Amino acid sequence: MWPILTILAIAAAIGVHFFWRQKFLRQQRQAHTEMEDSRRRQQQTTIEAQAQQQVLFNSMLEGLLLLDRNRRIYLANRNFKNLFNLKIELRGKTIMEVLRLHELAELVERVETEGQVFDHELKLPELSGRWLRVNAAVISNSAGGREGTILVFHDLTRLKQLERTREDFVANVSHELRTPLSLIKGYVETLLDGARNDPAIAERFLKIIERNTQRLDLLIQDLLTISALESGRMKLNLQPVELRPLVEKIFSDLKPPAQNKNVELACHLPGLTASADANRLEQVLANLVDNAIKYGRAQGHVTVGGQKLDDGKIEIFVQDDGPGIPPESLDRVFERFYRVDKARSRDQGGTGLGLSIVKHIVQAHGGEVWLNSELGKGATFFFTLPAEK
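All residue numbers refer to position in the chain's written sequence, counted from 1. In keeping with the predicted nature of the model, local features appear solely for residues at pLDDT of at least 70, side-chain atom pairs appear and are counted solely at 80 or more, and the whole-chain, interface and lining totals rest on all residues. Side-chain figures throughout are based on the complete set of non-hydrogen atoms in the structure, without hydrogens or water.

## A look at the sheet that holds strand β2 (residues 73-76)
Put simply, the test is: If DSSP finds at least two bridges between two strands, the strands pair. Here a strand is any run of E in DSSP of at least two residues, a helix any run of H or I of at least four, and the numbering for each starts at the N terminus. Helix axes are fitted to C-alpha atoms over the stretch in contact, other axes to C-alpha atoms as well, and angles between N-to-C directions run from 0 to 180 degrees.
The strand order across the open sheet formed by five strands is β2-β1-β5-β4-β3, and the pairing between neighbours is antiparallel. Of all the strands in the sheet, just β2 and β3 (116-124) have a single pairing partner and so form its edges. Each strand axis lies, on average, 20° off the axis of its neighbour in the sheet, ignoring direction. One ladder, built from three bridges, connects strand β1 (residues 63-68) with β2; its direction is antiparallel. The residue bridging Leu66 from the neighbouring strand is Leu75, located in β2.

## Some details on the packing of aromatic side chains
Rule in force here: Only the six-membered ring of Trp is used, alongside the rings of Phe and Tyr, when aromatic pairs are assigned; centres must lie within 6.5 Å, and planes under 30 degrees apart are stacked while those over 60 apart are edge-to-face, with the rest tilted. When accessible area is computed with a 1.4 Å probe and restricted to protein chains, residues below 20% of their type maximum are described as buried, those above 50% as exposed, and intermediate ones as partly exposed. Geometrically, a lysine NZ or arginine CZ counts as sitting over a ring once it is within 6 Å of the ring centre and also within 35 degrees of the ring normal.
Tallying each qualifying case throughout the model produces seven aromatic pairs. Seen in terms of ring centroids, Phe84 and Phe153 are 5.7 Å apart; in terms of plane orientation they differ by 90°. Their pairing is edge-to-face. Of this pair, Phe84 sits in the loop between α2 (78-83) and α3 (95-99) while Phe153 sits in strand β5 (residues 146-155), and the two are 69 residues apart along the sequence. Exposure remark for Phe84: the relative accessible area of 8% places this residue in the buried category. With a centroid separation of 6.1 Å and 50° between ring planes, the pair formed by Phe317 and Phe382 is classed as tilted. Note that Phe317 is positioned in strand β10 (residues 313-320) and Phe382 in strand β12 (residues 379-386), a separation of 65 residues in sequence. Judged by its relative accessible area of 15%, Phe382 is buried. Here a set of aromatic residues connected by ring pairs shows up, and it is made of Phe80, Phe84 and Phe153. Across from the ring centre of Trp131, 4.6 Å away, lies the NZ or CZ of Lys160, which sits over that ring.

## Things to note about the pattern of salt bridges
Spelled out, the test is: Put simply, a salt bridge is a Lys or Arg side-chain nitrogen that is within 4 Å of an Asp or Glu carboxyl oxygen.
This model, assessed by the stated rule, comprises 17 salt bridges. Across the pair Asp253 and Lys249 runs a salt bridge whose closest N-O atoms are separated by 3.3 Å. Of this pair, Asp253 and Lys249 are both found in helix α7 (residues 243-253), four residues apart, which corresponds to roughly one turn of the helix. Relative accessible area serves as the criterion here: at 47%, Asp253 is assigned to the partly exposed category. Through salt bridges with shared partners, one network takes in Arg71, Glu109, Glu112 and Arg146.

## Things to note about the pairing of β10
As a general feature of sheets, a regular strand has side chains that alternate between the two faces. Looking at chain direction, strand β9 (residues 301-308) and β10 are connected through seven bridges and run antiparallel. Looking at the pairing, Val302 lines up with Asp320 of β10. Here β9 hands over to β10 after four residues, with Gly312 in that stretch at a positive phi of 85°.

## Focus: the packing of helix α9 (residues 278-295) against helix α11 (residues 354-364)
The line we're drawing: Each crossing gets its handedness from the near helix: less than a right angle anticlockwise from the far helix is left-handed, clockwise is right-handed. We call two residues contacting when some pair of their heavy atoms lies within 4.5 Å. Throughout, the ten residues Ala, Val, Leu, Ile, Met, Phe, Trp, Tyr, Cys and Pro are labelled nonpolar, Asp, Glu, Lys and Arg are labelled charged, and all others, Gly among them, are labelled polar.
Remark: α9 packs on α11, axes separated minimally by 9 Å, with the N-to-C direction vectors making an angle of 145°. Two packed elements cross with a definite hand, and for α9 against α11 that hand is left-handed. Touching Arg280, Gln283, Val284, Asn287, Leu288 and Asn291 of α9 are Gly354, Leu355, Ile357, Val358, Ile361 and Val362, all from α11. Across the contact of α9 with α11, the residue classes tally to seven nonpolar, four polar and one charged.

## Digging into the nonpolar core
Operational definition: By nonpolar core we mean a set of buried residues, namely Ala, Val, Leu, Ile, Met, Phe, Trp, Tyr and Cys, connected to one another through side-chain atoms within 4.5 Å.
With 50 residues, the main nonpolar core has Leu281, Leu285, Val289, Phe381 and Phe383 as its most contacted residues. Per-element tally for this core: the top contributor is α9, with seven residues. Residues in contact with Leu285, not counting those within four places in the same chain, are Leu246, Val247, Ile250, Ile316, Val318 and Phe383. Grouped together as the second largest cluster of nonpolar side chains are 25 residues, Phe84, Val98, Leu124 and Phe153 included.

## Concerning the sheet that holds β9
One open sheet holds the five strands; their spatial order is β7-β9-β10-β12-β11, and the pairing between them is mixed. Edge strands, defined here as strands with exactly one partner in the open sheet, are β7 (264-268) and β11 (369-373). This sheet shows a mean twist of 15° between the axes of neighbouring strands, independent of strand direction.

## Remarks on α11
Extensive coverage of α11 is indicated by the burial of eight of its 11 residues. What α11 keeps buried is the set Gly354, Leu355, Ser356, Ile357, Val358, His360, Ile361 and Val362. Residues of α11 that are buried make contact with α6 (199-231), α9, β11 and β12. Among the residues trailing α11, Gly366 stands out with phi positive, at a value near 85°.

## Some remarks on the environment of Glu374
The residue Glu374 is located in the loop between β11 and β12 in this model. Take Glu374: its relative accessible area is 46%, and that puts it in the partly exposed class. Considered as a pair, Glu374 and Pro327 are 47 residues apart in the sequence and their alpha carbons are 7.6 Å apart. Those residues within four positions of Glu374 in sequence are excluded, and the remaining contacts are Pro323 and Gly324.

## Quick look at the environment of Gln116
As for its placement among the helices and strands, Gln116 is situated in strand β3. Along the sequence, Gln116 and Ile150 sit 34 residues apart, while their C-alpha atoms lie 9.4 Å from each other.

## Some words on the side chain of Thr303
In this fold, Thr303 is placed in strand β9. Non-local contacts of Thr303, meaning those with residues more than four positions away in its chain, are made with Ala266, His268, Phe317, Val318 and Gln319.

## Regarding the environment of Pro326
By secondary structure assignment, the location of Pro326 is in the loop between β10 and α10 (342-348). For the pair Pro326 and Gly376, spaced 50 residues apart in sequence, the C-alpha to C-alpha distance is 9.6 Å.

Encoded structure:
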């Protein structure tokens, strides 16, 4: 009897042991599964938070760079990579490894010393003279220790270009105004000193004064015109304009200077009608034809022609057979005050704004303007206008 009871007790003990062991293993597996699920959820939350952070940083207009305490890149947003034209993985690299910019590396050292640096201007010569403004600060932990550095980059290139354009504009306007004013002042002083008593000299001096006064008036008118065009204040009175009669009127107005140089004027325009502001279009054509007469060769030819294009626009050209324009000047002739031959241009009495006005008027009509030229073979200016609907 006792052996049987002993065997049963042992069997029961073994059964209880296996029961609790299985239960323990199930609980252990369940705990492990829950821990794995918790770890995956935490990992997923971290990934989503990092993704949201990256999306937020990438949405910034400025370039953003985060460095860790070892001055290695922890995060760089999309605009930072675009500013420096970077395609490689940046995380873990130093600024010198990525950019080779000693000035920027020195700026990071300065930030660590001073705590923050604002409005530091950084020029990037290898990127076509691009300018950046850098603001930087140290990232500190709750104990005040340095955890890293944040740098924010803003592209100043456009502002620098506008500032340079403004400075050039002021300098050019000052020069263009100073020349005729100096002549007027000089001749007036000479007349007051006694030259007015000689009728022949007085008349010659007064004609020079009148010519330079007219030059000042033209310059001021051109400045007002180009200012209105660039600011969008000038409103166009669009209407059907027949091109051939308008060109013939311009030829009639410019007949005296053409005859002085024995230049033949020719109109090869078919019956084309554009949708344009008649007064502004006359200004465009008059500028181009006048330039062709002035800078073309004596006893030469100036031709105005055109055609209707398949896209519903009209292409017009003004051609001369003069000395042509050097290749290095082709992209600059439409700039304000740019002159291919400064001495000759001022002798001809131009303001240096005519072609810039042409460009802005044509663009205000929704057209384009360009130039073809070869040295010794003349120049041809083209522009497009919308055809009459």
